[in-house]
Amino acid sequence: MRISLNWLKELVEIKLTPEELAETLTMAGFEVEDIEDRRTWANGVVVGKVLERQPHPNADKLSVCTVDIGAAETVNIVCGAANVRADIYVPVATTGTYLPNIDLKIKPAKLRGVPSNGMICSLKELGLPTDIDGIHIFPEENMVVGSDVRPLLGLEDVILDVTATANRADALSMVGIAREVAALTDGKLSIPPVAEVENTKTAKSITLKISEIQACPAYIGTVVENIKIAASPEWLQQRLRAAGVRPINNVVDITNYVLLERGQPLHAFDKERLQSVGGGENLIIGVRFAETGETLKTLDGNIRNLSTQNLLITANNQAVALAGVMGGIETEVHEGTQSLVLEAALFDSVAIRRSSRSAGLRSEASGRYERGVNRAELEIACHRALSLISELAAGVIVQQEISDYRPDASTWSHSINLRLDKVNEVLGPIELGTETGELQPEDVEKILTALGCKLAKIDDRNWTVTVPPYRYRDLEREIDLIEEIARLYGYDKFCDTLPEKSEAGYLSLEQELIRRLRAYLRAEGLTELIHYSLVKPGEDKQIILSNPLFAEYSALRTDLISGLITAFQYNIEQGNGALNGFEIGRIFWREEEGLQEAEILAGIIGGDITVGKWSRGGKEEAITWFEAKGILESVFKQLKLVVEFQPENRDSRLHPGRTASLWVKGNRLGTFGQVHPQLRREKDLPEAVYVFQLELDALLDAWDHDDLLVPKFSSYSTYPASDRDLAFFAPVKVTVSELEKVINKAGKGLLNSVELFDEYRGEHVPTGQRSLAFRLVYRASDRTLTENEIEPVHNQVRSALVEKFGVNLRS
């Protein structure tokens, strides 16, 4: 809100400079975003009188003016305004003046060969809003040539742009800010009393019918006759311009003025137009919610399609305004208005917020209603507006109707018990020079009294505090009072208290492990993905939401694979290529014993993982099952986990002959496999796409935490290794992992590594078998192995394979 310092000084005593006041308000929670010193806008601009105006000899649109600026000699000024003429008083920027709003310094110049010493100014050039094209012309009353124009234009003012917090609805008015300044600076408040205006009660042309008393607990409708629409007096226009409001006419300006002064939105309807819209002389002013299909053309010229959330003001049940937001254009006050109906009402903040959002329209009025308007001062604001209308527009009040469903006045303020011990416990010690102390009872009483609260002592350290009606929304509990005490006493006056021993933050063990896991997966070329937990319903064991935002996303996901396949398909369709990615997220399902959830790691691999596409003429190659499996094995190797792959055929989405279950230390870890060809064709996926899904808890439990957090050096042998090849026929049903397990167990001690390097099926291989060739590497850490040491161990391996699987040795 823009605060005029001159206006504020009429309401409260101010001894601070604008900068000091801005600092004080900011420290109290009202951030001053900008200080607009208007005194610099027209420094050097004086009142001048145009004595003579002649057309420019060399330009059709320019005039040569002789101007009296109160100096010893008149000055010659070339002016391009169409409304310049002789015998008018105008603002003149003299030579040497700097106009900051247009970044111009006035210097002697020649315009088309004619000397010009100064500039006749428009309001826009002085930083003031106006609808008039051309120079500003002063009224001829009491004009002193050569005098400063700033008092005449309201430019001897300073504007503070103040931001109030959302809970301080009372601070969206000049009176509210004045109360705050008085409490902060001990300044004397001078809020003028508002007397009730005389009501002649000579007419009975309106009645009230409030259908929604919860949305509109109070409504005052006043009929005013004999209105004389004219421009507002200069003082009123200046105050509106200072607040960023464009003056329109005296009646509309008065409603805006009271809005700024008291924080109470008002609206004036043209009575004859209301009767025209309502279709009768007798008006029933109503408040109801809109019906589907209704429309209203608002003051901004837009036609609004209304919904059942829009609260309306009606005339004989015809919509004439969006209640608390904006009036309708068909009933606005205009130059020919002779009688009006003034609305002063209270609207429910929730109803106005919904109505405003539904219409996509926010206004100064709706912003205040949404935060909460002071219900105790509705009549005061109404009387203030009516007295100004009587004074400035010659209005005569002929009827006033009131609908009041507000709670009893005794409930407009409430009492809160306040304990001094609690205040000091929450706020801590205060600085008293070189020593520290605590807040005293007199400090608390002074602050709360300055805020308008009434205190009744329970004892020396406890009070019952009665909150003023204009603070009933934000002062509800004891802690709210404590916050006010701290705010007004000064946050900077309390001692800084830090913990005696501060400790650096750290990640939990699980967080550290998951971070490492993410890093390993990214290092393998997988991109981390994040999907919504909400999916379409229709699967077994799904948990269905009872209040979903969208019907198509009304269930919780039971796995991550489906989402990854959909993401893969989407990337292909968008031309982004195949997707290699992983996701860590939660899945949810329903069991007989209740609802279950788990943390899952899943991934999808289908893109060419090589970077040497140039060597193949830019052609991509489908990734093989072993290459995709190798990515997982590389991650497991970095995790120092030994994971077994066992054939499996449980998931219908995966290829029955290319799917494996993963096991670690005897516990099932998850699934890895190729997407089923039928599903691949349905989704139009590439030839080979692989997915995996692992239980994150099982993976973390199997991980050697100590080895992760404290890396250990493993010594390596400096002695050469000796390798042996072992070839044999083995049944197809026997997996390589089973064979490797037996080999490692039999060669334990000297066997360093086992690697499968050849597989053959076909001619000369017995039916139901395959030829496998392994390379066994033997090594000792303290010596070079001899043939006599290696041969017994190698024979032991051979014997174990024959005994366990009945293999037919070929070497």
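Above this text you will find the structure in question.
Report follows, based on the coordinates. Everything numeric in this text was worked out from a predicted model, so none of it was measured. (Residues numbered from 1 in each chain as written. Predicted model: local features only at pLDDT ≥ 70, side-chain atom pairs only at ≥ 80, totals over all residues. Heavy atoms only, no water.)

**Topic: the overall build of the chain**
Point 1. A count of helices and strands for the chain gives 21 helices and 42 strands.
Point 2. Its C-alpha atoms give the chain a radius of gyration of 42 Å, clearly above 28 Å, the size a compact globule of 811 residues would have.
Point 3. By its C-alpha atoms, the chain is 125 × 80 × 75 Å across when sized along the principal axes.
Point 4. The buried share of the chain, taken over its 811 residues, is 47%.
Point 5. Computed over 89 positive and 119 negative side-chain charges, the inter-centroid distance for the chain is 4 Å. (Helix = DSSP H or I, 4+ residues; strand = E, 2+ residues; numbered from the N terminus. Rg over C-alpha atoms; globule rule 2.2 N^0.38 Å. Buried < 20%, exposed > 50% of the residue type's maximum accessible area, 1.4 Å probe, protein only. Lys, Arg positive; Asp, Glu negative; His and termini not counted. Charge placed at Lys NZ, Arg CZ, Asp CG, Glu CD.)

**Points about a negative patch on the surface**
Point 1. Residues Glu 23, Glu 431, Asp 492 and Asp 496 make up a contiguous surface patch of negative charge.
Point 2. Structurally, the position occupied by Glu 23 is in helix α2 (residues 18–27). (Patch = residues over 30% accessible without salt bridge, like charges linked within 9 Å, V, L, I, M, F, W, Y side chains within 5 Å. Areas by Shrake-Rupley, 256 points an atom, 1.4 Å probe, with all protein chains shown as cover. Salt bridge = Lys/Arg side-chain N within 4 Å of Asp/Glu carboxyl O.)

**Observations concerning the packing of aromatic side chains**
Any two aromatic rings considered together are summarised by their centre-to-centre distance and by the angle between their planes.
Point 1. On inspection of all chains with the given rule, the structure shows 9 aromatic pairs.
Point 2. With 5.1 Å between their ring centres and 75° between their planes, Phe 347 and Tyr 369 make a pair best called edge-to-face. Of this pair, Phe 347 sits in the loop between β22 (340–346) and α8 (349–359) while Tyr 369 sits in helix α9 (residues 364–371); the two residues are 22 residues apart in sequence, bridging distant segments of the chain.
Point 3. Since its relative accessible area comes to 7%, Phe 347 is described here as buried.
Point 4. Judged by its relative accessible area of 2%, Tyr 369 is buried.
Point 5. Arg 179 extends its terminal NZ or CZ atom over the ring of Tyr 470, reaching a point 3.8 Å from the ring centre. (Phe/Tyr/Trp six-rings, centres within 6.5 Å; stacked < 30°, edge-to-face > 60°. Lys NZ or Arg CZ within 6 Å of the ring centre and 35° of its normal.)

**Comments concerning the packing of α8 against α9**
Point 1. Close contact between α8 and α9 brings their axes to 7 Å; oriented N to C, the two are set at 140°. The orientation of α8 relative to α9 falls into the category oblique. The chirality of how α8 crosses α9 is left-handed. The residues of α9 that touch α8, namely those facing Ser 349, Ile 352, Arg 353 and Ser 356, are Ser 366, Tyr 369 and Glu 370. (Axes fitted to C-alpha atoms, helices over the stretch in contact; angles between N-to-C directions. Parallel < 35°, antiparallel > 145°, perpendicular 65-115°, else oblique. Left-handed = near helix turned anticlockwise from the far one by under 90°. Contact = heavy atoms within 4.5 Å.)

**Points about the layout of surface pockets**
Point 1. Roughly 830 Å³ of volume is contained in the second largest pocket.
Point 2. Around the second largest pocket, the lining comprises 31 residues; the ones closest to its centre are Val 252, Thr 255, Asn 256, His 267 and Leu 299.
Point 3. Mapped onto the lining of the second largest pocket, the elements with two or more residues apiece are α6 (250–262), β15 (266–270), β20 (318–322), β21 (326–327) and α9.
Point 4. Looking at the lining of the second largest pocket element by element, the count peaks at 5 residues for α6.
Point 5. Here the lining of the second largest pocket is built from residues that sort into 19 nonpolar, 7 polar and 5 charged. (1 Å grid on protein atoms, 1.4 Å probe; cavity = no way out; pocket = protein on both sides within 12 Å on 5 of 7 lines; lining within 4 Å. Points joined across faces, edges and corners; volume = space filled by probe spheres on them. Nonpolar A, V, L, I, M, F, W, Y, C, P; charged D, E, K, R; others polar.)

**Brief notes about the side chain of Glu 370**
Point 1. By the element assignment, Glu 370 lies in helix α9.
Point 2. A relative accessible area of 11% means that Glu 370 is categorised as buried.
Point 3. A polar contact is formed between the side chain of Glu 370 and the side chain of Arg 362, at a distance of 2.8 Å.
Point 4. Setting aside its immediate chain neighbours within four residues, Glu 370 contacts Ser 349, Ile 352, Arg 353, Ser 356 and Arg 362. (Polar contact = N/O pair within 3.5 Å; in protein donor to acceptor, adjacent residues only side chain to side chain.)

**Description of the sheet that holds β20**
Point 1. An order of β13-β16-β19-β20-β21 is seen for the 5 strands of this open sheet, with the pairing classed as mixed. Of all strands in the sheet, those bounded by a partner on one side alone are β13 (206–210) and β21.
Point 2. Two elements, strand β16 (residues 283–289) and strand β19 (residues 311–315), share 5 bridges in a ladder whose sense is antiparallel. By the bridge assignment for β19, Gly 286 is matched with Thr 314. (Pairing = 2+ DSSP bridges.)

**What about the nonpolar core?**
Point 1. Ranked by size, the top nonpolar core spans 115 residues in total, and within it Leu 8, Ile 313, Phe 347 and Leu 418 carry the most contacts.
Point 2. Ignoring any residue separated from it by four or fewer positions in sequence, one finds Phe 347 in contact with Ala 215, Cys 216, Pro 217, Val 287, Leu 311, Ile 313, Ala 323, Gly 324, Ile 352 and Tyr 369. (Core = buried A, V, L, I, M, F, W, Y, C linked by side-chain atoms within 4.5 Å.)

**Considerations on the environment of Met 326**
Point 1. Along the chain, Met 326 turns up in strand β21.
Point 2. The sequence separation of Met 326 and Ser 366 amounts to 40 residues, and the corresponding C-alpha distance is 8.1 Å.
Point 3. Excluding residues that lie within four positions of it along the chain, Met 326 makes contacts with Thr 298, Leu 299, Asp 300, Ala 321 and Leu 361.

**Focus: empty space enclosed by the protein**
Leftover empty space is mapped by rolling, across the atoms, a probe with the size of a water molecule.
Point 1. Using the criterion set out here, one finds 1 cavity of 30 Å³ or more in the structure.
Point 2. If you add up the space inside the largest cavity, you get close to 260 Å³.
Point 3. Around the largest cavity, the lining is made up of 24 residues, and of these Ala 169, Asp 170, Gly 372, Val 373 and Asn 374 lie nearest the centre.
Point 4. Tallying contributions element by element places helix α4 (residues 174–185) first for the lining of the largest cavity, with 3 residues.
Point 5. Class assignment of the residues belonging to the lining of the largest cavity gives a composition of 8 nonpolar, 7 polar and 9 charged.

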